[in-house]
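If you want the building blocks of each chain, they are given just below.
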Amino acid sequence: MSGHRTPRSTSAAISMLERFATIESMIEATETARNAAIARANTDADSQLEPLLLERAVIREKLEPWWTANAAELTGGKRKSTVLGGCTVGTKAGRFSLGVKDEDQAKAGLQGLRWAKALLRVTTSLDRKAILTALDGKRAAELKALGFTRQGGEPVFVVERVAQGGTLAGAAS
């Protein structure tokens with residue numbers, strides 16, 4: 001699609017911009033259709049999955065007390081699980097989570113202990129917006145000496161389709 005040349009006149013540029021606006025409209029319509037198709041596919045899948053998920057939950061709920069009563073016999077008391085009917089059934093250790101009564105107090109207590117440094121995470125990051133503002137302030141020279149500079153700000157070429165006033169698309173913008 002490289003058949004376009006740099007326009008040599010305003011009327012040629014207007015023609016090209018009109019085509020650009022048409023393409024933007026077609027892209028938007030295609031994206032809207034894609035999103036609608038995805039939404040329909042998700043709705044269809046959800047309607048098929050809902051009864052399956054409910055049945056699976058009921059089966060799991062009914063199997064748990066059965067397993068508790070029969071696990072020792074099925075595993076010889078040596079294992080936590082076994083394979084039956086194409087499934088692994090059994091128990092496994094749950095994940096541990098850390099409980100702490102007062103996190104601020106715990107952090108303060110650990111900060112004073114040399115051996116606890118490995119237990120604390122310290123994160124430092126630059127506040128870029130604040131530094132950009134400070135580059136115009138009284139610390140500008142010091143910040144520049146540290147290597148900070150203001151970059152970008154160059155004009156950026158823009159071409160966007162303008163929504164027509166008085167239309168539904170124009171009202172939504």
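Use the structure listed above.
Each value, and the rule that gives it
- Chains are numbered independently. Their residues run from 1 in the order of the written sequence.
- Where local features are concerned, this predicted model is filtered to residues with pLDDT of at least 70; where side-chain atom pairs are given and counted, the filter is 80 or more; whole-chain, interface and lining totals use all residues.
- Excluding hydrogens and water, the side-chain values take into account all heavy atoms of the structure.
- The numbering of helices and of strands both runs from the N terminus, where a helix is a DSSP run of H or I of at least 4 residues and a strand a run of E of at least 2.
- All radius of gyration figures rest on C-alpha atoms, and the globule criterion is 2.2 Å times the number of residues raised to 0.38.
- Buried means the residue's accessible area, taken with a 1.4 Å probe over protein chains only, is under 20% of the maximum for its type, while exposed means over 50%, and partly exposed covers the values in between.
- Any two residues whose heavy atoms approach within 4.5 Å are treated as being in contact.
- For every accessible area listed, the method is Shrake-Rupley and the probe measures 1.4 Å; residues are considered covered only by the protein chains on display.
- Here a Phe, Tyr or Trp ring, Trp counted by its six-membered ring, pairs with any other such ring whose centre lies within 6.5 Å, and the pair is stacked when the planes are under 30 degrees apart, edge-to-face when over 60, and tilted otherwise.
- For salt bridges, the criterion is a side-chain nitrogen of Lys or Arg within 4 Å of an Asp or Glu carboxyl oxygen.
- Identification of polar contacts relies on pairs of N or O atoms within 3.5 Å, with a donor-acceptor requirement for protein atoms, meaning one able to donate a hydrogen and the other able to accept it, and with residues adjacent in sequence counted only if both atoms are side-chain atoms.
- Strands pair, by our definition, only if DSSP identifies at least two bridges between them.
- Two kinds of site are reported from a 1 Å grid over the protein atoms alone, namely cavities, where a 1.4 Å probe fits but cannot get out, and pockets, open sets with protein on both sides within 12 Å along at least five of seven lines, and residues are called lining when an atom falls within 4 Å of a point.
- Grid points are joined across faces, edges and corners, and a volume is the space filled by probe spheres set on the points.
- Only Asp, Glu, Lys and Arg are considered charged, only Ala, Val, Leu, Ile, Met, Phe, Trp, Tyr, Cys and Pro nonpolar, and every remaining residue, Gly among them, polar.

## Let's talk about the overall build of the chain
Thinking step 1. Of the regular secondary structure elements, the chain holds five helices and two strands.
Thinking step 2. For the chain, the sequential pattern of α-helices and β-strands runs α-β-β-α-α-α-α.
Thinking step 3. In terms of overall size, the chain is more extended than a compact globule, its C-alpha atoms giving a radius of gyration of 32 Å where 173 residues would be expected to give roughly 16 Å.
Thinking step 4. Along the three orthogonal principal directions, the C-alpha set of the chain runs to about 90 × 55 × 35 Å.
Thinking step 5. Sorting the 173 residues of the chain into buried and exposed places 6% on the buried side.
Thinking step 6. Partitioning the contacts of the chain with sequence separation of at least 6, the portion at a separation of at least 24 is 16%.
Thinking step 7. When the accessible area of the chain is evaluated, it comes to approximately 16,100 Å², of which 56% is carbon and sulfur surface.

## Let's talk about the packing of aromatic side chains
Thinking step 1. Enumeration according to the criterion identifies one aromatic pair in this entry.
Thinking step 2. Between Trp66 and Trp67, the ring centres sit 6.3 Å apart and the planes meet at 55°, which makes this aromatic pair tilted.
Thinking step 3. The class of Trp66 is partly exposed, set by a relative accessible area of 36%.

## Structural notes on the pattern of salt bridges
Where charged atoms from two side chains of opposite charge come close, those side chains can pair.
Thinking step 1. This model, assessed by the stated rule, comprises five salt bridges.
Thinking step 2. With its nearest N and O atoms 3.9 Å apart, the salt bridge here joins Lys107 to Asp104. On the criterion of helical spacing, the pair formed by Lys107 and Asp104 is a turn pair, its members being three residues apart in helix H2 (residues 103-111).
Thinking step 3. A relative accessible area of 58% means that Asp104 is categorised as exposed.
Thinking step 4. Here Arg139 ties to Glu142 by a salt bridge, and the two come within 2.7 Å at their closest N and O atoms.

## Focus on the side chain of Thr82
Thinking step 1. Here Thr82 shows up in strand E1 (residues 81-84).
Thinking step 2. Since its relative accessible area comes to 14%, Thr82 is described here as buried.

## Concerning the environment of Thr75
Thinking step 1. Looking at the secondary structure, you find Thr75 in helix H1 (residues 10-75).
Thinking step 2. Residues in contact with Thr75, not counting those within four places in the same chain, are Trp67, Ser81 and Thr82.
Thinking step 3. Within the local environment of Thr75, its side chain forms a polar contact with the backbone oxygen of Arg79, the two atoms lying 3.3 Å apart.

## Description of the pairing of strand E2 (residues 87-90)
Thinking step 1. As judged from the four bridges shared by E1 and E2, these two strands associate in the antiparallel manner. Residue pairing for E2: Ser81 is matched across the bridge by Gly90.

## Describing the layout of surface pockets
Thinking step 1. In this model, the largest pocket occupies a volume close to 410 Å³.
Thinking step 2. As for the largest pocket, its lining consists of 14 residues, of which Arg60, Leu63, Thr88, Val89 and Gly90 are closest to the centre.
Thinking step 3. Of all the elements in the fold, those that place two or more residues in the lining of the largest pocket are H1 and E2.
Thinking step 4. When residues in the lining of the largest pocket are grouped by element, the largest group, eight residues, is from H1.
Thinking step 5. Taken together, the residues of the lining of the largest pocket break down into seven nonpolar, four polar and three charged.
Thinking step 6. For the second largest pocket, the full set of lining residues is Leu98, Gly99, Val100, Glu103, Ala106, Lys107, Leu110, Leu119, Leu120 and Arg121.

## With respect to the environment of Val162
Thinking step 1. Its place among the elements puts Val162 in the loop between helix H4 (140-145) and helix H5 (168-172).
Thinking step 2. Of the residues examined, Val162 reaches a relative accessible area of 70% and is grouped as exposed.
Thinking step 3. Spatially, the C-alpha atoms of Val162 and Ala21 are 7.7 Å apart, while their sequence positions differ by 141 residues.

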